Amino acid sequence: MHIAKNTICLWYEKGAEEAARFYASLFPDSEVTSVFHAPSDFPSGKAGDVLTVNFTVAGIPCMGLNGGPTFVQSEAFSFQIATDDQEETDRYWDAIVNNGGQPSACGWCKDKWGVSWQITPRVLTEALAAGGGEAQRAFEAMMTMGKIDVAKIEAARRG
């Protein structure tokens, strides 16, 4: 068993395994690598319940902990997924939102477990990095969007 030097730990009330399997089914370079069951009772569960799940999301090692309701997810942590086109943007955004999630603004959405995602087309990142008027126009266009519209960002870049 390989243990990564650095792993992101995500606290779930419950459902860490379901979340990890959903992420693994959605994003490339993602998989569930192990599921650990509690050897005895713990504050939010019983012996034999899933305690932790090790998985990767787009190559990033993660651990999901079924820790109960003590702590909740917030937008202070999010995964940012770079997309190449509108089709890929739609696929990820729609999968998250249509699986019990919630849309938000400027490319953000939240999955049904409360984890925040930024589904960000590369064209938007490139426009913002360009600076000047191009960045300003792209930024102003983005501020009016929920899911990012690639064609509108490209039009804003051109002015």
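As shown above, the structure is provided for reference.
Keep in mind that what you see is a predicted model, and the values were worked out from it rather than measured. (Residues numbered from 1 in each chain as written. Predicted model: local features only at pLDDT ≥ 70, side-chain atom pairs only at ≥ 80, totals over all residues. Heavy atoms only, no water.)

1. Remarks on the packing of aromatic side chains
Right, so step 1: Under the defined criterion, the tally for this structure stands at 10 aromatic pairs.
Right, so step 2: Judged by centre distance (5.0 Å) and plane angle (20 degrees), the rings of F27 and W117 are stacked. In this pair, F27 is assigned in the loop between α1 (16-26) and β2 (31-37) and W117 in strand β8 (residues 116-121), connecting sequence segments 90 residues apart. Both residues of the pair, F27 and W117, belong to the buried class.
Right, so step 3: Here the aromatic cluster, defined as three or more aromatic residues joined through ring pairs, consists of F22, Y23, F27, F55, F77, F79, Y92, W113 and W117. (Phe/Tyr/Trp six-rings, centres within 6.5 Å; stacked < 30°, edge-to-face > 60°. Helix = DSSP H or I, 4+ residues; strand = E, 2+ residues; numbered from the N terminus. Buried < 20%, exposed > 50% of the residue type's maximum accessible area, 1.4 Å probe, protein only.)

2. Some words on the packing of helix α3 (residues 122-130) against helix α4 (residues 132-142)
Right, so step 1: One way to put it is that α3 packs onto α4 with a least axis distance of 6 Å and a crossing angle of 135 degrees. For the element pair α3 / α4, the angle class is oblique. Read as a crossing pair, α3 and α4 show a hand that is left-handed. On the side of α3, the interface is formed by L124, A127, L128 and A130, while α4 contributes G132, E134, A135, A138, F139 and M142.
Right, so step 2: When its residues are assigned to classes, the contact of α3 with α4 shows 8 nonpolar, 1 polar and 1 charged. (Axes fitted to C-alpha atoms, helices over the stretch in contact; angles between N-to-C directions. Parallel < 35°, antiparallel > 145°, perpendicular 65-115°, else oblique. Left-handed = near helix turned anticlockwise from the far one by under 90°. Contact = heavy atoms within 4.5 Å. Nonpolar A, V, L, I, M, F, W, Y, C, P; charged D, E, K, R; others polar.)

3. A few points about a nonpolar patch on the surface
Right, so step 1: Side chains of L128, F139 and M143 sit close together on the surface and give an oily, nonpolar patch of about 280 Å² of accessible area.
Right, so step 2: Mapped onto the elements of the fold, L128 is located in helix α3. (Patch = residues over 30% accessible without salt bridge, like charges linked within 9 Å, V, L, I, M, F, W, Y side chains within 5 Å. Areas by Shrake-Rupley, 256 points an atom, 1.4 Å probe, with all protein chains shown as cover. Salt bridge = Lys/Arg side-chain N within 4 Å of Asp/Glu carboxyl O.)

4. Overview of the sheet that holds strand β3 (residues 50-57)
Backbone-to-backbone hydrogen bonds pair the strands of a sheet. The strands run either parallel or antiparallel.
Right, so step 1: If you walk across this open sheet you meet the 4 strands as β1-β4-β3-β2, and the pairing is mixed. Both edges of this open sheet fall to β1 (8-12) and β2, since each of them pairs with a single strand only. Taking the axes of each pair of neighbouring strands and ignoring which way they run, one obtains an average angle of 20 degrees across the sheet.
Right, so step 2: Pairing of β3 with strand β4 (residues 60-66), which is carried by 6 bridges, proceeds in the antiparallel orientation. Bridge assignment links V57 to a residue of β4, and that residue is I60.
Right, so step 3: Strand contacts of α1: β1, β2, β3 and β4, with the helix running at about 15 degrees to β3, the strand carrying the most contacts. (Pairing = 2+ DSSP bridges.)

5. Considerations on the sheet that holds strand β5 (residues 78-83)
Right, so step 1: The strand order across the open sheet formed by 4 strands is β5-β8-β7-β6, and the pairing between neighbours is mixed. Each edge of the sheet is formed by a strand with only one pairing partner; in this case those strands are β5 and β6 (102-103).
Right, so step 2: Relative to strand β7 (residues 108-110), β6 runs antiparallel, the two sharing 2 bridges. Paired with Q102 across the two strands is K110, which belongs to β7.

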